[in-house]
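So the chains spell out like this:
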Amino acid sequence: MNGNTVLDIQGLSGGYSLNRPVLHDVSFQVNPGEMVGLIGLNGAGKSTTMKHILGLMTPQKGEIRVRGKKRDEDSETYHGSLAFVPESPLLYDDMTVREHLEFTARAYNVPRGDYEERADRLSRIFRMQDKMDSLSTQLSKGMRQKVMIMCAFVARPSLYIIDEPFLGLDPLGIRSLLDFMVELKEGGSSILLSSHILSTIENYCDRFVVLHQGSIIAQGTLEAIEAQAGTTGAGLEDMFYTLVQGRD
Amino acid sequence: MDLMKLRAERRSRFWGKEVLPYLGYVLQSGVAALMLFALIVFSAWYTSLVQHIPAGLPIRWIMLVLFVPLTVNSSFRTYLAPADTVFLLPQESRMKSYFQGSWTSGVVYKLLGLALIFLISWPIYVRSDGQPKPFWLFLLVLIALKLLASYGCWKELRMVSRRATFAYRVLRYVVLALCVAAWIWQPAGRSLIFIVLLAATYTAALRLPAKHPVAWERLIAQEKVHSGRVLMVLGWFVNVPGREQRVYARKWLSWAGNNIPWKPEAAYRYLLMKSFVRSDILGIVLRVGILAAFLAWWQRGSNVGIGIYWFFVFLAGIQLSSLLRFHSESFWLHVYPIAPGSRRRNAIKLAFQIQLTFAAVTWLPLLGAGLERMGTVLMALLGGIVLCLLSRFFASRKKTEDDEDDE
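Cut-offs and rules
Chains are numbered independently. Their residues run from 1 in the order of the written sequence. Note on labels: chains are lettered from A, ligands numbered from 1, in written order. Only residues with pLDDT of 70 or above have their local features reported here, since the model is predicted, and side-chain atom pairs are shown and tallied only from 80 upward, although totals for entire chains, interfaces and linings are computed over all residues. Hydrogen atoms and water are omitted, and side-chain values are computed over all heavy atoms in the structure. Two strands make a pair as long as DSSP finds a minimum of two bridges between them. Only runs of H or I of at least four residues qualify as helices and only runs of E of at least two qualify as strands under DSSP, and these elements are numbered from the N terminus. Axis definition: a line fit to C-alpha positions, over the contact stretch in the case of helices; interaxial angles, taken between N-to-C directions, run 0 to 180 degrees. Here, residues are in contact when the closest pair of their heavy atoms is within 4.5 Å. An automatic or database domain assignment provides the domain bounds reported here. Here the quantity called buried area is the total loss of accessible area, with a 1.4 Å probe, experienced by two parts when brought into contact, counted for both. Only one rule defines a salt bridge in this text: a Lys or Arg side-chain nitrogen within 4 Å of an Asp or Glu carboxyl oxygen. Under the convention adopted here, Pro, Cys and the residues Ala, Val, Leu, Ile, Met, Phe, Trp and Tyr are nonpolar, Asp, Glu, Lys and Arg are charged, and Gly plus all remaining residues are polar. Between the first and last residue of a helix there are one fewer steps than residues, each counted as 1.5 Å, and that sum is the expected span. Only protein chains enter the accessibility calculation, which uses a 1.4 Å probe. A residue is then buried if its area is under 20% of the maximum for its type, exposed if over 50%, and partly exposed in between. Side-chain atoms within 4.5 Å are what join buried Ala, Val, Leu, Ile, Met, Phe, Trp, Tyr and Cys residues into a set we call a nonpolar core. The cut-offs work like this: below 35 degrees is roughly parallel, past 145 is roughly antiparallel, 65 to 115 is roughly perpendicular, and the gaps in between are oblique. Two helices that cross are described as forming a left-handed crossing if the nearer one is turned anticlockwise from the farther one by less than a right angle, and a right-handed crossing if clockwise.

A word on the sheet that holds strand β2 (residues 23-30) of chain A
Residues and elements named next belong to chain A.
Here is step 1: Spatial ordering of the open sheet is given by β2-β1-β4, a layout of three strands whose pairing is antiparallel. Both edges of this open sheet fall to β2 and β4 (61-66), since each of them pairs with a single strand only. Across the sheet, the axes of successive neighbouring strands diverge by a mean angle of 15°, strand direction being ignored.
Here is step 2: One ladder, built from five bridges, connects strand β1 (residues 7-14) with β2; its direction is antiparallel. Bridge pairing in β2 links L7 to V30.
Here is step 3: Seen against the sheet, helix α1 (residues 46-54) touches β1, β2 and β4 and runs at an angle of roughly 115° to β1.

Next up, the structure:
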């Protein structure tokens, strides 16, 4: 393990039932300034892995460290080091967009001045200026997803856990998100990104972790995945198809 | 598909599986016993009031204030679910049979409640009013007005335009208030003619706006509100999971909570304050506060006023205890770096602060008793503060016992 590793997962096994673990001995790392794509079929264990990282599930075996800390060692520092964008927007019906951002900034101890500056910038980037004082119930699904993304980005932690962020976003929203993720990455933040849109993330992620039936079947850079898949000159989609085909 | 049977099944599932299991806890809870005690105290006070009616009691205004809301308020339980927009949509033309039960139960139970309140208020009305209306005629008029309001409310739910829905809601309040006022103040014959003419015009006006065959989305949203309210009432006594609150935009209160200290320990209080100002609870506390202030002012010269004041401070405490259960299943509170125990502390602190403000504001009318009762009035305030402290004590004890979610 690299001493600077932001996310370190070692030998993780876990699931909803002790007798039938969903994840089997999963190990991977995310380093500073790195964007890692977590890919797999439906039910491969991507969301379960994320739930374990978020502390919503407890590992049956193995351990998870965020910036060197386990959740049970220092829960506040652990959670303060990561932000999550879920697949489906989870917003408070009784709060406006601005209040969601403010609540997040308060919880993550973001100084007020920084919050105001970030909120203003994010609202412009995601074209939400005229919706800042709208209740979340008055937003479309895509806008709700934008709020989720803006909340994560207003916090500015070391690690972003992003689950299927493109669902419901319009093309401009997808472009804004990708651009912003690149900016964060260049600023030293780490991103663990799960998506089925392989052709999009292929060009943005530094490394990939391929999960299949709860186990890692390949991981590394695009070149490393290509070597493990045994393909030449193929895109990530074809490599992935080759890797999972015939493994059921 | 037997739509009547489907609604009946949903109804029995809601009451049988979501409400009934908690009723035992409600009966066991000390709050229920205290409410019963309050009811007995009210009965004793009311009996004494009926026997010694103060001269010049504004009985017509009291009847108006009592019966306008009771006749106007209408609602219907449809037990519709979001998935119905997919699965029941093909049955749209047959949904009349589904809604038949909603209409019947929405009207019958409210009529029974109306009749009960009328029976209770009758002794004081008949003894105070110089020219009381005949009992049966009064009751029949109230029933007819209630049916008219229910019909209007049902039509409003089907209107396409939200503006039309709002306008017709206002119209329903105005029409019913005018009818009740005419009946109370005017001679029976003249007021009946007025009521019939106004009701006919109102019924004709209801035909004008465009309506959905079934306003699916509105009915589903309404159902969410109604089931949420039932569970909210249960929540006063026991912890009920998965309660959904109705949200009111209340833009005029958007500033509330903004001055809460900017630090992670107080972040949850910020969230809670925002939720509170847009919740049903604020509306209830405000209505209870207005009623408390009015009654305390009315009885400011006697110890009954102090009893009323304390009762309402206690009642506000019960309402505010709902705050402790807000966001009990919030995903983000498990993911955000909220300090362990800060949810409990913040919820109790906020509920205490609001109850204390309530106790201070509703105490002010008692000052109208004058300087000669100043000592007693100050004792009343002290009692109110003690009630707030007791609410805080019991809330913190209860949370310690049964809530480990933020540990």
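Moving on, there is more to tell.
What to know about the sheet that holds strand β5 (residues 82-85) of chain A
What holds strands together in a sheet is hydrogen bonding between their backbones, with the strands either parallel or antiparallel.
All names here are of chain A.
Here is step 1: The mixed open sheet is built from six strands, whose spatial order is β5-β6-β7-β3-β8-β9. Two strands close off the open sheet at either side, each with one partner strand: β5 and β9 (215-220). Sheet twist, expressed as the average angle between the axes of neighbouring strands with direction ignored, equals 15°.
Here is step 2: In terms of strand pairing, strand β3 (residues 35-40) meets strand β7 (residues 190-194) through four bridges, oriented parallel. Directly across from M35, in β7, lies its bridge partner I191.
Here is step 3: Here α1 sits on the sheet and contacts β3, β5, β6 (159-163), β7 and β8 (207-212); the angle it forms with β6, its principal contact strand, is near 145°.
Here is step 4: Docked against the sheet, helix α6 (residues 171-186) engages β3, β6 and β7, running at close to 130° with respect to β3.

A short note on the domain arrangement of chain B
Residue and element names in this part refer to chain B.
Here is step 1: In terms of domain boundaries, chain B breaks down into domain 1 (3-221) and domain 2 (247-406).
Here is step 2: The C-alpha-based centres of domain 1 and domain 2 are spaced at 29 Å.
Here is step 3: The partner domain 2 presents six residues to the seven residues of domain 1 that form the contact.
Here is step 4: Of the roughly 580 Å² buried where domain 1 meets domain 2, counting both sides, 93% is carbon and sulfur surface.
Here is step 5: Linking domain 1 to domain 2 there are zero salt bridges.
Here is step 6: Of the residues assigned to the side of domain 1 that touches domain 2, the class counts are seven nonpolar, no polar and no charged.

Notes on the side chain of S13(A)
Here is step 1: Following the sequence through the fold, S13(A) ends up in strand β1.
Here is step 2: Leave out the neighbours within four places in its chain, and S13(A) touches L23(A), H24(A), D25(A), P59(A), Q60(A) and K61(A).

Focus: α6(A)
Residue and element names in this part refer to chain A.
Here is step 1: Here α6 spans 23 Å end to end across 16 residues, near enough to the 22 Å set by a 1.5 Å rise per residue.
Here is step 2: The complete set of buried residues in α6 reads G173, S176, L177, L178, F180, M181, L184 and K185.
Here is step 3: Turning to α6, the residues buried within the fold contact β3, α4 (112-125), α5 (141-155), β6, β7 and α7 (198-201).

Quick notes on the domain arrangement of chain A
Often the size quoted for an interface is simply the accessible area lost on bringing the parts together.
All names here are of chain A.
Here is step 1: Entries for chain A in the domain assignment read domain 1 (1-81 + 158-248) and domain 2 (90-156).
Here is step 2: Between the C-alpha centres of domain 1 and domain 2 the distance comes to 25 Å.
Here is step 3: If you look at the interface, domain 1 gives 18 residues, while domain 2 gives 13 residues.
Here is step 4: Both faces combined, the contact of domain 1 with domain 2 buries some 1,300 Å², and carbon together with sulfur accounts for 66% of it.

Regarding the nonpolar core
Soluble globular proteins: nonpolar side chains tend toward being buried together.
Here is step 1: Counting 198 residues, the largest nonpolar core has L7(A), F103(A) and F153(A) as the members making the most contacts within it.
Here is step 2: If we ignore the near neighbours within four places in the chain, the residues touching F153(A) are R118(A), L122(A), F126(A), Y160(A), L177(A), F180(A), M181(A) and L184(A).

Concerning the packing of helix α3 (residues 97-107) of chain A against α5(A)
Residues and elements named next belong to chain A.
Here is step 1: Between α3 and α5, whose axes approach to 9 Å, the crossing angle comes to 30°. In this view, α3 runs roughly parallel relative to α5, as classed from their interaxial angle. As α3 packs across α5, the resulting crossing turns out to be right-handed. On α5, the residues touching V97, H100, L101, T104 and A105 of α3 are V147, M150, C151, V154 and A155.
Here is step 2: Partitioning the contact of α3 with α5 into residue classes produces eight nonpolar, two polar and no charged.

A short note on the pattern of salt bridges
Here is step 1: In this structure the tally under the stated criterion is 17 salt bridges over all chains.
Here is step 2: Residue E63(A) pairs with K70(A) through a salt bridge whose shortest N-O separation is 3.5 Å.
Here is step 3: On the basis of relative accessibility, which here comes to 26%, the residue E63(A) falls in the partly exposed class.
Here is step 4: Of the residues examined, K70(A) reaches a relative accessible area of 23% and is grouped as partly exposed.
Here is step 5: Of the charged contacts in the structure, one is a salt bridge between R278(B) and E99(A), with a shortest N-O distance of 2.6 Å. Placement of the pair is R278(B) in the loop between α10 (267-277) and α11 (280-298) and E99(A) in helix α3, with the two residues belonging to separate chains.
Here is step 6: Look at R278(B) and you get buried, because its relative accessible area is 3%.
Here is step 7: What you see here is one network of salt bridges that share partners, running through E63(A), R65(A), K70(A) and E73(A).

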